[in-house]
Amino acid sequence: MSEEALIQPGQHATAEEWAVFEKRLRTEQERRIAVNRLAHYRPYAKQREFHTAGSLPVYERLFMAGNQLGKTFAGAAETSFHLTGRYPDWWEGRRWDRPITGIGGSESSELTRDGMQRLLVGSPKIEADWGTGYIPKDCLLDWSRKNGVADALDSVTVKHVNGGASTFSFKSYDQGRAKWQANTVDWVWFDEEPPQDVYSEGITRTTATGGSSIMTFTPLLGMSQVVRRFLSEKDEHRRVTTMTINDAEHISAEERMRIIARYPEHEREARANGVPILGSGVIFPIADSRILIPPFALPAHWPGINGIDFGWDHPTAAAQLRWDRDNDIVYLVREHRLSKATPKQHVGTIGDERSWGDYPWSYPHDGEVSDKGTGVALARQYKTAGLKMLGEHATNADGSNSVEAAVLDMLERMNDGRWKVFDGVCPLWMEEKRLYHRDEGKIVKEYDDLISASRYAMMMLRHARISRPRFDRFGFNTAGGPGRQATGTGEVNW
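In this text the structure is predicted, and so the values were computed from the model without any measurement. Here, residues in each chain are numbered from 1, in the same order as that chain's written sequence. Given that this is a predicted model, residues contribute local features only at a pLDDT of at least 70 and side-chain atom pairs are listed and counted only at 80 or more, while totals for whole chains, interfaces and linings are drawn from all residues. Each side-chain value is worked out from all heavy atoms of the structure, with water and hydrogens disregarded.

**Student:** What should I look at first to understand the overall build of the protein chain in this one?
**Tutor:** Within the protein chain, the regular secondary structure consists of 15 helices and 18 strands. Dimensions of the protein chain along its principal axes, counting C-alpha atoms only, are 80 × 65 × 45 Å. Here's how the labels work: a residue is buried when its accessible area is under 20% of the maximum for its type, exposed when over 50%, partly exposed in between, all with a 1.4 Å probe on protein chains only. In the protein chain, buried positions account for 51% of the 494 residues. Within the protein chain, contacts between residues at least 6 apart in sequence are counted, and of these 66% link residues at least 24 apart. Runs of E in the DSSP output that reach at least two residues are strands. Runs of H or I that reach at least four are helices, and both are numbered from the N terminus. Whether two residues are in contact is decided by their heavy atoms, any of which lying within 4.5 Å being enough.

Next comes the structure, spelled out in structure tokens:
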């Protein structure tokens, strides 16, 4: 700021002089933010979840989100953190303590320039603005231009906080797989969904370095090979984060409704909620708004039942249903999903009667098969650990264990308004619901752990019962849980 803009201590400035001073002060503040945007990046909860998911041993990540919700901003910010080594205090993802080599791109050189390059470097058309992207201006050491594409860069050189320089090269999918056959790299960023061959080539570049890759896109291509890799091929080195329009904190509830209404109906789930377009394959084609309901005080006389789906590499999942028997409405009010944990560890959470009550537990038929490691059936292990398991595996009212019949029952309830989900309490179940689909007519048994748990509970709804009240030494009901308080009125308060 120039000396003329300053008002000296003790100086009596006129209103006009103060206005000039404040304008120049704002301009200087905006300039400082513009040349160091990275320091001012404050991720939404879902963006931060995506960043944190990158801690090792995860090497491949997908940020699948709706349009204009901040997925590319998250990709640009994380790429800049790695290039510069300037990690914020809140960072819990992977870190490099040395300069790295990275590559990234989008569908074409023009789209790479207008998206990825713009967010990393600054406005492509104004060279004086380079250094106003997420790469801080004082870290942008050098760049080289791309031949044949106006204002596009081929690469940038970035100063690392621990000395030396990182490099990042800009690619595009329309160049074909061969152009992604660079030397080994530490970092790959795909902005928009890449073809399978380009994706495979890109992640192959990280094999020798133990590097990482991310993708940020709206899944408009449906259940493609790339999407299926993350949703259907479970692996401890791979993670997917889904972000819906409801997770975008800069969009008001009223504006969300207007935005969603503008999308073609068949694209709404993809563009608003980051859900692959599944067409006729979707199993629960019900708008979220039709089943979500704000949590409320649950009458103590409503019976309940829990369902559990056993797993190890894929998660063990649990869901709780409460039943308004008078109106025949089922409410999904609690969820739990966790991989690679023992029965005792799970029961440490879902066996807490203060939060989950003492409702019975429904389980699948394979729960009666002896576990290879212990020789004891899983249902028996969970019963020993403290859960009140039903005496038989889940069956429909007619005695069958047909998945199709149980799914149809759930769908009919959703259509009739007799299946409700507590909003904000069961977000993981909602994610699975949006992705639950068929392939060639058959239900795809992937990414359905909570759906399955709730289905087992639904199948055995006839065994739901009222929770036994628990009283403290003062005679008050101690039923409670997250966000609730014990009452003496016989009601459970959320």
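**Student:** Hey, could you run me through unusual backbone geometry in this one?
**Tutor:** Both trends apply: most residues other than glycine have a negative phi, and most peptide bonds are in trans. Note that the residue after Leu56, namely Pro57, is joined by a cis bond; omega there is 20°. Here Pro57 lies in the loop between α2 (45-52) and β1 (60-65). Although it is not a glycine, Glu192 sits at a positive phi angle of roughly 85°. Its location among the elements puts Glu192 in the loop between β6 (187-191) and α5 (196-204).

**Student:** Explanation requested: α5 in the structure shown.
**Tutor:** Since the α-helix advances by 3.6 residues per turn, residues separated by three or four positions end up pointing in the same direction. Buried residues of α5: Val198, Tyr199, Glu201, Gly202 and Ile203, and no others. Contacts made by the buried residues of α5 are with β1, β6, β7 (212-217) and α6 (225-231).

**Student:** Sorry, what's going on with the sheet that holds strand β15 (residues 419-422) here?
**Tutor:** When DSSP locates at least two bridges between a pair of strands, those strands are taken to pair. Reading across from one edge, β9-β15-β13-β12-β11-β14 is the order of the six strands in this open sheet, with mixed pairing throughout. Here the strands that pair on one side only, and so sit at the sheet edges, are β9 (292-293) and β14 (361-362). As paired elements, strand β12 (residues 316-324) and strand β13 (residues 329-338) share nine bridges and run antiparallel to each other. When the bridges of β13 are listed, Trp323 appears paired with Val330.

**Student:** Would you mind going over the sheet that holds strand β5 (residues 165-172) with me for this structure?
**Tutor:** Strand pairing within a sheet occurs via backbone hydrogen bonds; the two strands may be parallel or antiparallel. Read across the open sheet, the eight strands follow the order β3-β4-β5-β2-β6-β7-β1-β8; overall the sheet is mixed. What marks the edges here is a single partner per strand, and that holds for β3 (140-145) and β8 (238-243). On average, adjacent strands in this sheet sit at an angle of 15° to one another, irrespective of strand direction. With axes taken as lines fitted to C-alpha atoms, and helix axes fitted only over the stretch in contact, angles between N-to-C directions fall between 0 and 180 degrees. Set on the sheet, α5 makes contact with β1, β6 and β7; between it and β6 the angle comes to about 160°.

**Student:** Help me understand the packing of aromatic side chains, please; the structure alone is not making it clear to me.
**Tutor:** Both the distance between ring centres and the angle between the ring planes are used here to describe each pair of aromatic rings. Each Phe, Tyr or Trp ring (for Trp, its six-membered ring) is paired with any other whose centre lies within 6.5 Å, and the angle between the two planes then decides the class: stacked below 30 degrees, edge-to-face above 60, tilted in between. Throughout the structure, instances matching the rule amount to 27 aromatic pairs. Each member of the aromatic cluster is reached from another via a ring pair, and the members are Tyr41, Phe73, Phe81, Tyr87, Trp90, Trp91 and Tyr134. Geometrically, a charge over a ring is one whose NZ (Lys) or CZ (Arg) sits within 6 Å of the ring centre while staying within 35 degrees of the ring normal. Across the ring face of Phe50, the terminal group of Arg61 is positioned such that the distance to the ring centre comes to 4.7 Å. The side chain of Arg334 reaches across the aromatic face of Trp356, ending 5.7 Å from its centre.

**Student:** Can you help me understand the nonpolar core in this one?
**Tutor:** A general trend in soluble globular proteins is that nonpolar side chains are found buried together. Here, nonpolar core refers to any group of buried Ala, Val, Leu, Ile, Met, Phe, Trp, Tyr and Cys residues whose side-chain atoms link them within 4.5 Å. Core analysis: the biggest nonpolar cluster contains 41 residues, and Phe81, Leu120, Val121, Ile135, Val156, Phe168 and Phe170 have the highest contact counts within it. When residues of this core are traced back to their parent elements, those giving at least two are β1, α3 (71-84), α4 (109-121), β4 (153-159), β5 and β6. The leading source of residues in this core is α3, at five residues. Once residues lying within four places of it in the same chain are set aside, the contact partners of Val156 are Val121, Ile135, Leu140, Asp142, Trp143, Ser166, Thr167, Phe168 and Phe170. Formed by 35 residues, the second largest nonpolar core is a distinct cluster that contains Ala317, Leu390, Met410 and Met414.

**Student:** When you look at the pairing of β5 in this model, what are you seeing that I'm missing?
**Tutor:** Here is the key point about a regular strand: its side chains alternate between the two faces of the sheet. Bridging between strand β2 (residues 101-106) and β5 involves six bridges; their strand directions are parallel. For Gly104, the partnering residue across the bridge sits in β5 and is Phe170. In textbook terms, the turn of a hairpin is the stretch between consecutive antiparallel strands, and for β4 and β5 this stretch comprises five residues, one of which, Gly163, has a positive phi near 100°.

**Student:** Would you explain the side chain of Arg94 in this entry?
**Tutor:** For Arg94, the position within the fold is in the loop between α3 and β2. Here Arg94 sits buried without a salt bridge, and the closest side chain of opposite charge, Asp186, lies 6.5 Å off (N-O distance). Two N or O atoms count as a polar contact when they lie within 3.5 Å, although within protein this holds only if one can serve as hydrogen donor and the other as acceptor, and sequence-adjacent residues are included solely when both atoms are side-chain atoms. From its side chain, Arg94 meets the backbone oxygen of Gly210 in a polar contact 2.8 Å long. Setting aside residues no more than four positions away along its own chain, Arg94 makes contact with Gly54, Ser55, Leu56, Tyr59, His82, Tyr87, Gly210, Gly211 and Ser212. For this count, His and the chain ends are skipped, Lys and Arg are scored as positive, and Asp and Glu as negative. One side-chain nitrogen of Lys or Arg within 4 Å of one carboxyl oxygen of Asp or Glu is enough to make a salt bridge.

**Student:** For this particular structure, what's the right way to read the pattern of salt bridges?
**Tutor:** Pairs can form between side chains of opposite charge once their charged atoms are near each other. Across all of its chains, the model carries 28 salt bridges by this definition. Of the charged contacts in the structure, one is a salt bridge between Arg61 and Glu78, with a shortest N-O distance of 2.5 Å. Of the two residues, Arg61 is situated in strand β1 and Glu78 in helix α3; the sequence distance between them amounts to 17 residues. With respect to class, Arg61 is no different from Glu78; both count as buried. Glu255 is the salt-bridge partner of Arg262, the closest N and O atoms lying 3.9 Å from each other.

**Student:** Is there a simple way to think about the pairing of β1 in this case?
**Tutor:** With six of six residues buried, β1 lies mostly within the body of the structure. Burial of the side chains of β1 extends over both faces: Glu60, Leu62 and Met64 are buried on one face and Arg61, Phe63 and Ala65 on the other. The pairing of β1 with β8 spans six bridges and is parallel. What sits directly across from Phe63, in β8, is Thr241. Two strands pair when backbone bridges link them, and β1 and β7 are joined in this way by five bridges, in the parallel orientation. By the bridge assignment for β7, Leu62 is matched with Met215.

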